[in-house]
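# Report on the structure
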Amino acid sequence: MKTVTLSTLQAYKRAGETFSCLTAYDASFAHAASAAGIDVLLVGDSLGMVLQGHSSTLPVTLENIRYHTHCVARANPHSLLMADLPFMSNATTERMLEDAAVLMRAGAQMVKVEGEAWMADGIRELTRRGVPVCAHLGLTPQTVYQLGGYKVQGRSAEQAQKILDDARQLVEAGASIILLECVPSELGQAVAEALDVPVIGIGAGPGTDGQILVMHDILGVSSGIKPRFVKNFMAEANDIHDAFRRYHTDVKERRFPAPEHGF
Ligand code: KIV
């Protein structure tokens, strides 16, 4: 199996091919997901909810992400490995640089950061120093208390335009990937069409270049309310390896997400 790099994802975009992404937090599951063909593994701060049992991602520390990135990096045969900058890593450009360095030393190949156009300086400085960045827009879980809950973003024309403008500015600053969470499918497609860089969606409809889900959700082991964009791939699978393969194939063949998974 070929190693996936940023250039691979850019080539998929140019060819109109979609790609699969999944969160991973430990060596065994990371190895299984990568061996099943998943293109991108994300050590997400969702670990605060699915591993640690918190009700938000805010308690997750840099040390938590560093530890899990190190575990995943040891057992990742071919996927691109992305790690999340946790809550408040984006407080200053200096802090973004220092925190990104910790995650890159632990084995990450790029970092993901939540925020809006105001992060442009931090992204520019990271990119200058050779750290590829994925900018996370739309529903940004680190701002859940300001947003008033885990709600769909970009429903009004003004909000949608702001998300598109922010994405453009962050790409101009150097972001190599945009990740859109919980936005109307129409907006997901519009952002992907407007940008030259790959756009990954979660609850952003079938029109984005790649799709991502949380591993525990596709294995059907998450507790609490199941968001509309989630599909349990374990339901029809023989085992976990088969569930990962089904998710990967359904994304590649554009069977997932179906219209009912979007907003
Ligand atoms: O932390 C995470 O797992 C994420 C994904 C939901 C995109 O940010």
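In short, a report on the structure. Counting restarts for each chain: residues are numbered from 1 in the order of the written sequence. Side-chain atom pairs in this predicted model are given and counted only at pLDDT of 80 or more, local residue features only at pLDDT of at least 70, and totals for whole chains, interfaces and linings cover all residues. Hydrogen atoms and water are omitted, and side-chain values are computed over all heavy atoms in the structure.

## Comments concerning helix α9 (residues 185-194)
The condition is simple: In this scheme, a residue with accessible area under 20% of its type's maximum is buried, one over 50% is exposed, and one in between is partly exposed, where area comes from a 1.4 Å probe on protein chains only. Only DSSP runs of H or I reaching four residues or more are called helices, and only runs of E reaching two or more are called strands; each is numbered from the N terminus. By construction, the arc corresponds to the directions joining the helix axis to the C-beta atoms. In this analysis, two residues are considered to be in contact whenever any of their non-hydrogen atoms come within 4.5 Å of each other.
Along α9, the positions that sit buried rather than exposed are S185, L187, G188, V191 and A192. For α9, the angular spread of the buried residues around the axis is 165°, confining them to a single face. Projecting away from the buried face of α9 at angles above 90 degrees are the exposed residues E186 and E193. Packing partners of the buried residues in α9 comprise α1 (6-15), α8 (157-173), β6 (177-181) and β7 (199-202).

## Considerations on the packing of aromatic side chains
Defined as follows: Ring pairs shown here join Phe, Tyr and Trp side chains whose ring centres sit within 6.5 Å, with only the six-membered ring taken for Trp; geometry is labelled stacked below 30 degrees between planes, edge-to-face above 60, and tilted in between.
Applying the stated criterion across every chain, the model contains 4 aromatic pairs. The interplanar angle of 20° and the centroid separation of 6.2 Å between the aromatic rings of Y12 and F19 together place this pair among those described as stacked. When sorted by exposure, Y12 lands in the same class as F19, which is buried. Pairing F233 with F256 gives two aromatic rings, centres 5.5 Å apart and planes at 80°, and the pair type is edge-to-face.

Everything listed is a geometric property; what it means functionally is a separate question.
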